[in-house]
Amino acid sequence: MKKRNRLLALGLCSLMVLPALTACGEDERSRGKIRLSFWIEVDTNNSRVIGQIVDEYNETNQDNIYVDLKRQAAGYTSGLSSTLQGTSVPDVVQIEEKVFKGFALQGLLANIDDYVTEEERNGDGDFSLSDIYTSLLNLYRVNPVTGEGGGDNDLLGVPYSVRPTMIYYNKSLFNDQKVNVISAAEAELPAGVLPHGYYVYNTAPVSGMVARADGKYHVFNDQIAMNWEELRELSKIFTKEYNSSSSSRYGYLSEWWFSYGWSVGGDCLEWDDADSQYKFVLGDDTDNYLVTGTAGATINGTTYAESDILSFEDKKYVEAHASDAAIAEYLANQTLYPLPSTRDAFTEFVRLSQVTSKPVNNAGDRGYGISPSPTTLSNKGQALYFTSGEVAMLSEGLDKVVTFRETMTPLGKEWGMAPLYRYAEYNADGSVKEVN
């Protein structure tokens, strides 16, 4: 080991590792073995599972290693830097993503490449770097001197977990408000049911469905993603300001804005080749572009296939060269189909939690008021909003399944999961809009 206080990091939540050279311990299984202290965040939901994993490893592994589990409280890594700069440091530490690069630049993390065998790098055993997405590993490749990421820089961490995000919904509230719930993929839809995440029908598309007070049949499909409009209109049913009979105060809650940008192909940080630097582009009002037609399109020397979305650099190129013959033709025949800008996407997110009387931009667009404000969110936390029934739908990670199962199910509160929203356009008859 190069330095006693340099660690190997593993992370999406990140883990940091420093192989220990001691073999002491009270557990019989640790005798004669190198003992590794493993710090990891636990709570009532994951403590038992993590303990079982560690116990099974210690009982069955053939290596000269014993794992000593050290349970830590949530958020402990925010004050961990000073500990890691001391003389008595843990060997493996789960850390939050937000502190990973800071630890890397302080020289606290060792290069995992130095400890990975060739079989682990390319093999098909229990652990192999080749099984992890390269783009994901690149998040943990950092030059600790310059801060440069990706490429051939030191691998200072590996993902501990991946948290797909979805919409959790309160089935009990949906039943109370007579919103009919179905679960059918697009290829399996019953006759008469349109490919929407949420749609309002004048007549029942499936026998047995119930109508709301407006005499219409509101149908939510938890296997098809809603578009922006469907999400906000469904949310109004569960928001007191729009529906006084709702037992929930708000329809929807999410503290993550980036998925709105991603739904139209944009991002919050983009490379600007002209200035040779990354730029924060939430305020960028340039249209994003979807490439349509089987022939694709060539923009600024880059060839795009059907259904690709232009890069930041190339959509800027389209804006600057809209009068060029080739670009003009692409735009005229909708080979380049305009999507909302990243600014539009971020504005849509901001409007969720702003009150209906408050403008959110110079254009005068006002809030929807269907989500708690950021100030109240910090006082309660979004999971509690959902489990208490104050919010009907919540955007959260897969790791919350256990929390909701153990807090809501015993109380008789039914809940389910649906895909995250998307950007989609439809024709007047409710069919999906097709271009070219």
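Calculation criteria
- Residues numbered from 1 in each chain as written.
- Predicted model: local features only at pLDDT ≥ 70, side-chain atom pairs only at ≥ 80, totals over all residues.
- Heavy atoms only, no water.
- Salt bridge = Lys/Arg side-chain N within 4 Å of Asp/Glu carboxyl O.
- Buried < 20%, exposed > 50% of the residue type's maximum accessible area, 1.4 Å probe, protein only.
- pLDDT = per-residue confidence, 0-100.
- Contact = heavy atoms within 4.5 Å.
- Phe/Tyr/Trp six-rings, centres within 6.5 Å; stacked < 30°, edge-to-face > 60°.
- Helix = DSSP H or I, 4+ residues; strand = E, 2+ residues; numbered from the N terminus.
- Pairing = 2+ DSSP bridges.
- Axes fitted to C-alpha atoms, helices over the stretch in contact; angles between N-to-C directions.
- 1 Å grid on protein atoms, 1.4 Å probe; cavity = no way out; pocket = protein on both sides within 12 Å on 5 of 7 lines; lining within 4 Å.
- Points joined across faces, edges and corners; volume = space filled by probe spheres on them.
- Nonpolar A, V, L, I, M, F, W, Y, C, P; charged D, E, K, R; others polar.
- Patch = residues over 30% accessible without salt bridge, like charges linked within 9 Å, V, L, I, M, F, W, Y side chains within 5 Å.
- Areas by Shrake-Rupley, 256 points an atom, 1.4 Å probe, with all protein chains shown as cover.
- Lys, Arg positive; Asp, Glu negative; His and termini not counted.
- Charge placed at Lys NZ, Arg CZ, Asp CG, Glu CD.

K.L.:
Break down the pattern of salt bridges for me, with residues and values.
P.N.:
Scanning the entire structure with this criterion turns up 13 salt bridges. Residue K400 is joined to D399 by a salt bridge in which the shortest nitrogen-to-oxygen separation is 3.6 Å. Take K400: its relative accessible area is 19%, and that puts it in the buried class. Overlapping salt bridges bring together R35, D68 and K70 as one network.

K.L.:
Can you tell me about the confidence of the model for the protein chain, naming the residues and giving the values?
P.N.:
Across the protein chain, pLDDT averages 88, with 93% of residues at or above 70. Low pLDDT, under 50, characterises residues 1–13; the stretch is placed with 80 contacts to residues that sit more than four places away or in other chains.

K.L.:
Outline the packing of aromatic side chains, supporting the account with residue identities and numerical values.
P.N.:
In the structure shown here, the tally under the stated rule is 22 aromatic pairs. An angle of 45° between the planes, with centres 6.1 Å apart, marks the rings of Y168 and W415 as tilted. Note that Y168 is positioned in strand β7 (residues 165–170) and W415 in strand β19 (residues 415–418), a separation of 247 residues in sequence. Considering the side-chain rings of Y260 and F349, the 6.2 Å spacing of their centres and the 55° angle between planes classify their relative orientation as tilted. Of the two residues, Y260 sits in helix α8 (residues 258–262) while F349 sits in helix α11 (residues 342–353), which places them 89 residues apart along the sequence. In this pair, the class of Y260 matches that of F349, namely buried. Joined through ring pairs, the aromatic side chains of W228, Y252, W257, F258, Y260, W262, F346, F349, Y421 and Y423 make up one cluster.

K.L.:
Pulling in residues and values, what's your account of the sheet that holds strand β18 (residues 391–397)?
P.N.:
Taken in spatial order, the four strands of this open sheet run β11-β18-β7-β19, and their pairing is mixed. Either end of the sheet is taken by a strand with one partner, and the two such strands are β11 (250–253) and β19. When strand polarity is set aside, the average angle formed by the axes of neighbouring strands in this sheet is 20°. The sheet contact formed by β7 and β18 spans five bridges and is antiparallel. Across the sheet, the residue bridging to Y168 is L394, located in β18.

K.L.:
Which residues make up the sheet that holds strand β8 (residues 179–182), and what values go with them?
P.N.:
The strand order across the open sheet built from three strands is β8-β10-β9, with neighbouring strands paired in mixed fashion. Every other strand in the sheet has two partners, leaving β8 and β9 (198–201) as the edge strands with one partner each. Here the average twist between neighbouring strands, direction ignored, is 30°. Taken strand by strand, helix α7 (residues 228–237) contacts β8, β9 and β10 (217–221), and its axis lies near 65° from that of β9.

K.L.:
An account of unusual backbone geometry is requested, with residue identities and associated values reported.
P.N.:
Unlike most non-glycine residues, K178 shows phi in positive territory, near 55°. Within the element layout of this structure, K178 appears in the loop between α6 (171–176) and β8. For K178, a relative accessible area of 44% translates into the label partly exposed. One non-glycine residue, S307, lies in positive phi territory at about 80°. On the secondary structure map, S307 appears in the loop between β16 (302–304) and α9 (312–320).

K.L.:
Just give me the short version of the pairing of strand β3 (residues 34–41), but keep the residues and values in it.
P.N.:
Sheet topology note: the β3/strand β4 (residues 65–72) ladder contains eight bridges and is parallel. Across the sheet, F38 pairs through a bridge with L69, a residue of β4. Both β3 and strand β5 (residues 92–95) contribute to a ladder of two bridges, which runs parallel. What sits directly across from F38, in β5, is V92.

K.L.:
Please set out empty space enclosed by the protein residue by residue, giving values where relevant.
P.N.:
Inspection of every chain in the model, using the stated rule, returns two cavities of 30 Å³ or more. If you add up the space inside the largest cavity, you get close to 50 Å³. Lining the largest cavity, in full, are W257, F258, G261, W262, G266, D267, C268, L282, T342, A345 and F346. Here the residues of the lining of the largest cavity sort into seven nonpolar, three polar and one charged. In terms of lining residues, the second largest cavity is bounded by I182, V193, L194, H196, G197, Y198, Y199, Y201, V219, F220 and N221. Those elements that provide at least two residues to the lining of the second largest cavity are β9 and β10.

K.L.:
Which residues make up a negative patch on the surface, and what are the values?
P.N.:
A surface patch of like charges, here negative, comprises D285, D287, E319 and D344. Looking at the secondary structure, you find D287 in the loop between β13 (277–280) and β14 (288–291).

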